[in-house]
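Chain by chain, the residues run as shown.
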Amino acid sequence: MKVQNVNFLKYNANLNAGNISQPSFKGVQTLTHCNIGAMSEGIIGKVKVTKKNGQDAYLNVNKLIRILGSETYQLKTDKGEVIGEIELRINKAPEDYDRLEFPEDPSHVFVQYLRNYSRKGTPFHVEGLEEYKDIGTRLLQIAQRRSDEARCCGNIRLISKNESRAFYRKLGFTKEDMGPWGNPNQLYLPPEAKEPLSRLSGGL
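A separate point is the pattern of salt bridges. Tallied over the full model, the rule gives eight salt bridges. The closest approach of N and O atoms between Lys 51 and Glu 130, which form a salt bridge, is 3.8 Å. Taken together, the residues Lys 51 in strand E3 (residues 42-51) and Glu 130 in the loop between strand E7 (108-116) and strand E8 (132-133) connect sequence positions 79 residues apart. For Glu 130, a relative accessible area of 40% translates into the label partly exposed. We note a salt bridge from Glu 195 to Arg 199, for which the minimum N-O separation is 2.8 Å. One end of the pair is Glu 195 and the other is Arg 199, both in helix H3 (residues 191-199) and four residues apart, which spans about a single turn.

Below, the structure is given as structure tokens:
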């Protein structure tokens, strides 16, 4: 059974006048207690971020399911501006995986791309967007939540571009030894970095 986080609506109806007041949401629906994977496409809640001036802000999280099983999560303003987005894929170990010889579960979420469109000086910056902080952190926390939900043990892997490597290193990602034929830019989240990432900036 799919369970979604539900906000209760409070409204008044004036039947004599033939009018029904518009329902209004109480408080801010964050992703703190949501099962993100069980939720349908569309706006699934909000995340707290910080504007460049230090002021707190909440951005809407828009969920999209791509072909071939990829999932995209966008952080959007109330005006519909896309501030950042992440596309990920859940890679589960095959059923016949030899867990006796290789006990560590290789299941993981692979981040196909992560972008902050509001950050100046980056390749994907969109002119005219207000700048926000914590965008990459929140998107990776969403990836980590999906990894936990999919029983991938919170494992995350990604290919880092040169300009992003310092950011990922700061969050605890480290280079994965893939041998002489592996991608030297492939990073993974080691066990000791999983809880710190989930708690960073107050968590989801």
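Here the narrative resumes, following the displayed structure.
A word on the layout of surface pockets. Looking at the largest pocket, its volume works out to about 870 Å³. Forming the boundary of the largest pocket are 32 residues, of which Leu 114, Asn 116, Arg 119, Ser 164 and Phe 167 lie nearest the centre. Mapped by element, the contributors of at least two residues to the lining of the largest pocket are E7, E8, helix H1 (135-149), strand E9 (156-159) and helix H2 (165-170). Looking at the lining of the largest pocket element by element, the count peaks at six residues for E7. Tallied by class, residues from the lining of the largest pocket come to 14 nonpolar, nine polar and nine charged. Considering only enclosed or pocket space, the second largest pocket measures out at about 240 Å³ in volume. For the second largest pocket, the lining is made up of 15 residues, of which Glu 104, Asp 105, Asn 155, Arg 157 and Tyr 188 are closest to its centre. Counting residues per element, the ones that place at least two in the lining of the second largest pocket are E9 and H3. Within the lining of the second largest pocket, the residues separate by chemical class into seven nonpolar, two polar and six charged.

Analysis parameters
- Residues numbered from 1 in each chain as written.
- Predicted model: local features only at pLDDT ≥ 70, side-chain atom pairs only at ≥ 80, totals over all residues.
- Heavy atoms only, no water.
- Salt bridge = Lys/Arg side-chain N within 4 Å of Asp/Glu carboxyl O.
- Helix = DSSP H or I, 4+ residues; strand = E, 2+ residues; numbered from the N terminus.
- Buried < 20%, exposed > 50% of the residue type's maximum accessible area, 1.4 Å probe, protein only.
- 1 Å grid on protein atoms, 1.4 Å probe; cavity = no way out; pocket = protein on both sides within 12 Å on 5 of 7 lines; lining within 4 Å.
- Points joined across faces, edges and corners; volume = space filled by probe spheres on them.
- Nonpolar A, V, L, I, M, F, W, Y, C, P; charged D, E, K, R; others polar.

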